[in-house]
Amino acid sequence: MMMAQQVVFDELGGPEVLRIEDVELGAPGPGEVLLRVDALGLNRAEALFRVGGYYYRPTLPGSRIGYEAAGEVLAVGAGVTGFSVGDPVLTAGAGDMSTNGVYGDHLRLPADSVLRRPGGTDAATGAALWLSYSTAYGALVEKGGLRPGDTVLITAASSSVGVAAIQIARHLGAIPVAVTRSAAKRERLAQLGAAHVIALDEGGLLDQVAEVTGGRGAEIVFDPVSGPGLAEVARAVAPGGLLIVYGWLDPRPAPLPLNWTLRILGYGNLQVTGDPEVRRRVWHFLDAGLRAGTLDPVIDRTFDFEEIVEAHRHLESNSQIGKIVVTVRR
């Protein structure tokens, strides 16, 4: 039996409800692995989960939290193959966060929720990789059929998933168009590979989309916001194109245009990448892109494990470009 530290919360609320507690962690059982965690990746899903706005609710009190960690295998349970002690790994979503949340310095998890780190990445990069890039790949490629030359309109483009979508579109020869609320992020998004950047404080969305697409619209629109603005976003889709909605940052009802000339897909990443064959394809796609240098996770800011509350406050500030990472010191 070993002692570990894990982040839990007892009530819904702001970042201040998160606390670190000491727990006893037994040896891995059949089909499980024991991990030492070196870095955590923060996701908007976890902020929504903490306040009760995610698609499932936490089990309180004492709910765990977190989808994304990177570290090293310390032990494997009976029946586990494919992992050895010392292997560098990352987590790929282990179901309900209340029971399998990964904010901790050591974890015992089902082996099928763990993957070897692709591309020879370090722990911080590994923690910034899987959920963002698998979401963008799964939606755009597995479900969206993205092709070279397609224009992809990416809303909330400065998020970690938005940055991943820009890089994946570039990697495949598509044309990424980044949408951001403020022109202050224009230069950085262009540096990250956006062919065009639309700043909503400089003009209307549809006028700017028409300008950069020659009036055609985008073959794929990739949106995590939804809400009342979805009707306008949908009008940016080219005739016969595809609107992919992968989140609900605005939880209000989402109207759609009255005259539909588009296809609409609601995307849930864990339902797609939960398929072992899809997960295998994602892993190889990321490994190739990382080794080629066309995929390169962007870390906005790094916090210490003891600063988890401050890290969540930064997550909610919407000021970041890329991923927020929390490192575990020993």
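Reading guide: rules and limits
Residues numbered from 1 in each chain as written. Predicted model: local features only at pLDDT ≥ 70, side-chain atom pairs only at ≥ 80, totals over all residues. Heavy atoms only, no water. Helix = DSSP H or I, 4+ residues; strand = E, 2+ residues; numbered from the N terminus. Rg over C-alpha atoms; globule rule 2.2 N^0.38 Å. Contact = heavy atoms within 4.5 Å. Buried < 20%, exposed > 50% of the residue type's maximum accessible area, 1.4 Å probe, protein only. Lys, Arg positive; Asp, Glu negative; His and termini not counted. Salt bridge = Lys/Arg side-chain N within 4 Å of Asp/Glu carboxyl O. Pairing = 2+ DSSP bridges. Axes fitted to C-alpha atoms, helices over the stretch in contact; angles between N-to-C directions. 1 Å grid on protein atoms, 1.4 Å probe; cavity = no way out; pocket = protein on both sides within 12 Å on 5 of 7 lines; lining within 4 Å. Points joined across faces, edges and corners; volume = space filled by probe spheres on them. Nonpolar A, V, L, I, M, F, W, Y, C, P; charged D, E, K, R; others polar. Arc of directions from axis to C-beta. Expected span 1.5 Å × (residues − 1). Polar contact = N/O pair within 3.5 Å; in protein donor to acceptor, adjacent residues only side chain to side chain. Phe/Tyr/Trp six-rings, centres within 6.5 Å; stacked < 30°, edge-to-face > 60°. Core = buried A, V, L, I, M, F, W, Y, C linked by side-chain atoms within 4.5 Å.

## Things to note about the overall build of the chain
(1) Moving on: Within the chain, the regular secondary structure consists of 11 helices and 16 strands.
(2) Moving on: In terms of C-alpha radius of gyration, the chain reaches 20 Å, essentially the compact-globule figure of 20 Å for 330 residues.
(3) Moving on: Along the first, second and third principal axes, the C-alpha set of the chain runs to 65 × 40 × 35 Å.
(4) Moving on: The long-range share in the chain, meaning contacts at least 24 apart out of those at least 6 apart in sequence, stands at 66%.

## Some thoughts on unusual backbone geometry
(1) Moving on: With an omega dihedral of -5°, the bond running from L60 to P61 counts as a cis peptide bond.
(2) Moving on: When you line up the elements, P61 lands in the loop between α1 (44–51) and β4 (63–64).
(3) Moving on: With a phi close to 60°, N318 is a non-glycine residue in the positive phi region.
(4) Moving on: Look at N318 and you get partly exposed, because its relative accessible area is 35%.

## Section: the side chain of R64
(1) Moving on: Examined against the element boundaries, R64 turns out to sit in strand β4.
(2) Moving on: One buried charged side chain, R64, makes no salt bridge at all; its nearest oppositely charged neighbour is E21, positioned 8.1 Å away.
(3) Moving on: Discounting residues that sit within four places of it in the chain, R64 has contacts with Q6, V7, V8, F9, F49, M97, S98, T99, N100, G101, L107 and L109.

## Description of the sheet that holds strand β14 (residues 263–266)
The pairing of strands in a sheet comes from backbone hydrogen bonds and takes either a parallel or an antiparallel form.
(1) Moving on: Read across the sheet, 6 strands follow the order β11-β10-β9-β12-β13-β14 without closing on themselves; strand pairing throughout is parallel. The open sheet has two edge strands, β11 (196–199) and β14, and neither has a second partner. Averaged over all adjacent pairs, the angle separating strand axes in this sheet is 20°, with direction ignored.
(2) Moving on: Helix α4 (residues 130–143) contacts β9 (151–154), β12 (218–223), β13 (237–245) and β14 of the sheet and is inclined by roughly 150° relative to β12.

## Considerations on the layout of surface pockets
(1) Moving on: Space inside the second largest pocket adds up to approximately 190 Å³.
(2) Moving on: In terms of lining, the second largest pocket is formed by 16 residues, of which the most central are A234, R235, A236, V237 and A238.
(3) Moving on: Partitioning the lining of the second largest pocket into residue classes produces 10 nonpolar, 4 polar and 2 charged.

## Thoughts on helix α7 (residues 205–213)
(1) Moving on: Every buried residue of α7 is accounted for by L205, L206, Q208, V209 and T213. Angular distribution of buried residues about the axis of α7 spans 165°; they occupy a single face of the element. Projecting away from the buried face of α7 at angles above 90 degrees are the exposed residues D207 and E211.
(2) Moving on: Tucked inside the fold, the buried residues of α7 contact β9, β10 (175–180), β11 and α8 (230–234).
(3) Moving on: Of the residues flanking the end of α7, it is G214, one or two places downstream, whose phi is positive at about 65°.

## Quick word on helix α10 (residues 276–292)
(1) Moving on: Across its 17 residues, α10 extends 24 Å between first and last C-alpha, which sits within 8% of the 24 Å expected from 1.5 Å per residue.
(2) Moving on: Those residues of α10 lying buried are V278, R279, V282, F285, L286, D287, G289 and L290.
(3) Moving on: Along its buried surface, α10 packs onto β8 (114–116), α4, α5 (160–171) and α9 (269–273).
(4) Moving on: For α10, the side-chain oxygen to backbone nitrogen distance between the N-cap and E277 is 2.9 Å, and the N-cap itself is D275.
(5) Moving on: Looking one or two residues beyond α10, the residue adopting positive phi is G293, at roughly 85°.

## Thoughts on the pattern of salt bridges
(1) Moving on: In the structure shown here, the tally under the stated rule is 17 salt bridges.
(2) Moving on: Residues R108 and E32 are paired through a salt bridge, measuring 3.0 Å at the closest nitrogen-oxygen approach. Of this pair, R108 sits in strand β7 (residues 106–110) while E32 sits in strand β3 (residues 32–42), and the two are 76 residues apart along the sequence.
(3) Moving on: Classification of R108 as partly exposed rests on a relative accessible area of 30%.
(4) Moving on: Notably, a salt bridge pairs R147 with D150, separated by 3.4 Å at the nearest N-O pair.
(5) Moving on: The structure contains a network of salt bridges with shared partners spanning E142, E277, R280 and R281.

## Section: the environment of E68
(1) Moving on: Of note, E68 is situated in strand β5 (residues 68–76).
(2) Moving on: Residues E68 and I321 lie 253 residues apart in sequence; the distance between their C-alpha atoms is 18 Å.
(3) Moving on: Within the local environment of E68, its side chain forms a polar contact with the backbone nitrogen of L131, the two atoms lying 2.6 Å apart.
(4) Moving on: Reaching out from E68, the side chain makes a polar contact with the side chain of K323 at a distance of 2.8 Å.

## Some words on the packing of aromatic side chains
Here a ring pair, both rings aromatic, is described through the centre-centre distance and the interplanar angle of the planes.
(1) Moving on: Here the structure, examined in full by the defined rule, presents 11 aromatic pairs.
(2) Moving on: For the ring pair Y54 and Y56, a centre distance of 5.3 Å and an interplane angle of 65° mean the geometry is edge-to-face. Accessibility classification places Y54 together with Y56 in one group, the buried group.

## Description of the nonpolar core
(1) Moving on: L140, V152, F222, I244 and L286 are the most contacted members of the largest nonpolar core, which has 44 residues in total.
(2) Moving on: Mapped onto this core, the elements with two or more residues apiece are α3 (123–127), α4, β9, α5, β12, β13 and α10.
(3) Moving on: Each residue touching I244, except ones within four places of it in the same chain, is listed here: A139, L140, G144, I220, V221, F222, D223, L265 and Y267.
(4) Moving on: Among the nonpolar cores identified, the runner-up in size contains 39 residues, and V89, V114, L131 and V309 belong to it.

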